[in-house]
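# Remarks on the overall topology
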Amino acid sequence: MRPYKLKLKSKRLGSGKCQIKFFVSSEERQHYYGYLLTEAGTTLKEVVDKIEKRLRSEEAGDKFHQHLYNLAKKPVVEEQILVFNQQNS
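Reading the values: rules and limits
- Position numbers for residues count from 1 along each chain, tracking the sequence in the order it is written.
- Where totals are concerned, whole chains, interfaces and linings use all residues; where local detail is concerned, this predicted model gives features only for residues with pLDDT of at least 70, and gives and counts side-chain atom pairs only at 80 or more.
- With hydrogens and water stripped out, all remaining heavy atoms of the structure feed into the side-chain values.
- When a residue's accessible area, from a 1.4 Å probe over protein chains only, is under 20% of the maximum for its type it is buried; when over 50% it is exposed; and in between it is partly exposed.
- Working definition: helices are DSSP H or I runs of at least four residues, strands are E runs of at least two. Numbering for both runs from the N terminus.
- A pair of strands counts as paired when DSSP detects no fewer than two bridges linking them.
- In this analysis an axis means a line fitted to C-alpha atoms, helices contributing only their contacting stretch, and an angle means the value between N-to-C directions, from 0 to 180 degrees.

### Quick notes on the pairing of strand β3 (residues 31-38)
Side-chain positions along a regular strand alternate between the two faces of the sheet. Alternating residues of β3 divide into Tyr32, Gly34, Leu36 and Thr38, all buried, and His31, Tyr33, Tyr35 and Leu37, none buried. Sheet analysis places strand β2 (residues 18-25) next to β3, joined by seven bridges and oriented antiparallel. Of the residues in β3, the one forming a bridge with Val24 is Tyr32. Sheet topology note: the β3/strand β4 (residues 81-86) ladder contains six bridges and is antiparallel. Residue Tyr32 lies in a different strand from β4, and its bridge partner there is Asn85.

Okay, here's the thing in structure tokens:
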């Protein structure tokens, strides 16, 4: 991935999980923000890796119908990561 700035905010929920809000900014790419729900024991590196993987998918444009690429492969349950394109006002 190209150079970027990543800002994270976390909040512990009543369920014991953590809600992570993230902001991604760069001079060369679109700005994104999003949310990720993780278990309390998840490391910072794991959180950053999940966000980077999702952003690579977002930029490559392969976020839809990934299950159709290999029908013999068992579906993998991925964590839900909501990513939004931040519009500059």
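### Regarding the sheet that holds β2
The four strands are arranged β1-β2-β3-β4 in an open sheet whose pairing can be described as antiparallel. The open sheet is flanked by β1 (5-12) and β4, the only strands paired with a single partner. Ignoring which end each strand starts from, the neighbouring axes of this sheet average 15° apart.

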